[in-house]
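Observations on the model geometry
The residues making up each chain are set out below.
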Amino acid sequence: MEKHFLLTVFENLYVAFGPQNWWPSESDFETVIGAILTQSVSWSNVEKAIDNLKKENLLSPQSLSKIDDERLHALIRSTRFYKQKGERLKNFCRYLVENYEGNIYKLFDKDIFELRRELLSLKGLGKETVDSIILYAAKKPIFVVDAYTKRIFSRLGVVDENLDYQALQEIFMQNLPHDTSLFNEYHALIVKLGKDVCKTKPKCEICPLNNFCKYYISKNKF
DNA sequence: GCCCAGGGGGCTC
DNA sequence: GAGCCCCATGGG
């Protein structure tokens, strides 16, 4: 793959959809909470939960680390696996309070890969969630991979559809400048394209990438 | 009624 | 390491 290709795709998406303004939140701590709550659920479900937490003044590491389970479950029920997610939130907040005085910037103040390893060691934080936290909350340049990334770029014919997370991430990291705002906008645009166009049943007619998508050129191949 | 979301963990083989 | 199941709401 030519290095220029990934930038060309980005430019086409940006022209078509414009800036996505991720991550929608009032604070970097809120971004972390959103990253955990949005695991396998649409963002509209997450907004309700975050609004609930705000209304009750609970959106802080100190409050969430010691909140009653039943109460938390009720507030974040809209985010699907709410018992698991409740525990994940409390786990993270407890860790933050005990090790960093509840200050995420003290947690973030380290090398990008050291931070990644540390976050990955926390239960309930996998690769995608951790990379989202690093990119959108800590604002360090790491490329976030998700199911849409795999689906879209394998259909474009530039990556193997069986590549794992790490391999796919390396392709983007090796072929793009390590720029936080580029990675921010690129991932958001991929999600936008995935949601609106490139679903299981794609709408190739309205896809801004259709002139170089192999799926579009020979549909019966897939 | 169906489908699937801005995943991760645990288990089996 | 891959394949499967579990979790368990809401919008189209």
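Above this text sits the structure in question.
Computed from a prediction, not measured in an experiment: that's the story for all the values here.

**Observations concerning the protein's contact with DNA strand B**
Taken together, 24 residues lie near DNA strand B, and Trp23, Ser40, Arg80, Thr129 and Lys195 sit nearest. Restricting attention to atoms of DNA strand B within 4 Å of the protein, one finds that 60% of them are sugar or phosphate atoms. Gly126 has a polar backbone atom sitting 3.0 Å from a phosphate oxygen of DNA strand B. Counting residues per element, the ones that place at least two in the surface near DNA strand B are α6 (82–100), α9 (127–137), α10 (147–155) and α12 (180–196). When residues in the surface near DNA strand B are grouped by element, the largest group, three residues, is from α9.

**Observations regarding the protein's contact with DNA strand C**
In the neighbourhood of DNA strand C, the contacting residues comprise Asn45, Lys48, Arg77, Ser78, Arg80, Phe81, Tyr82, Lys83 and Gln84. If you look at DNA strand C and keep only atoms within 4 Å of the protein, 56% of those are sugar or phosphate atoms. The separation between a base oxygen of DNA strand C and a polar side-chain atom of Arg80 is 3.5 Å. Contact distances for DNA strand C include 3.4 Å between a phosphate oxygen and a backbone N or O atom of Lys83. When contributions to the surface near DNA strand C are tallied by element, the ones reaching two or more residues are α3 (43–55) and α6. Ranked by residue count, the leading element in the surface near DNA strand C is α6, at three residues.

**What about the environment of Leu120?**
Looking at where Leu120 falls in the secondary structure, it is placed in helix α8 (residues 112–120). A relative accessible area of 32% places Leu120 in the partly exposed class. For Leu120 and Ile217, which are 97 residues apart along the polypeptide, the C-alpha to C-alpha distance reads 40 Å. Non-local contacts of Leu120, meaning those with residues more than four positions away in its chain, are made with Leu125, Gly126, Lys127 and Val130.

About the cut-offs
Residue indices follow the written sequence of each chain, beginning from 1 at its first position. Chains carry letters and ligands carry numbers; both start at the beginning, A for chains and 1 for ligands, and go up in the order they are written. Side-chain atom pairs in this predicted model are given and counted only at pLDDT of 80 or more, local residue features only at pLDDT of at least 70, and totals for whole chains, interfaces and linings cover all residues. Hydrogen atoms and water are omitted, and side-chain values are computed over all heavy atoms in the structure. The rule for a residue being near a molecule or strand is that one of its heavy atoms must lie within 4 Å of it. We call two N or O atoms a polar contact when they sit within 3.5 Å, provided that within protein one can donate a hydrogen and the other can accept it, with sequence-adjacent residues counted only if both atoms are side-chain atoms. Secondary structure counts use DSSP, requiring at least four H or I residues in a row for a helix and at least two E residues in a row for a strand, with both numbered from the N terminus. Categorising residues by exposure relies on relative accessible area from a 1.4 Å probe, with only protein chains included: less than 20% of the type maximum marks a residue as buried, more than 50% marks it as exposed, and the intermediate range marks it as partly exposed. Should any heavy atoms of two residues lie within 4.5 Å, those residues are counted as being in contact.

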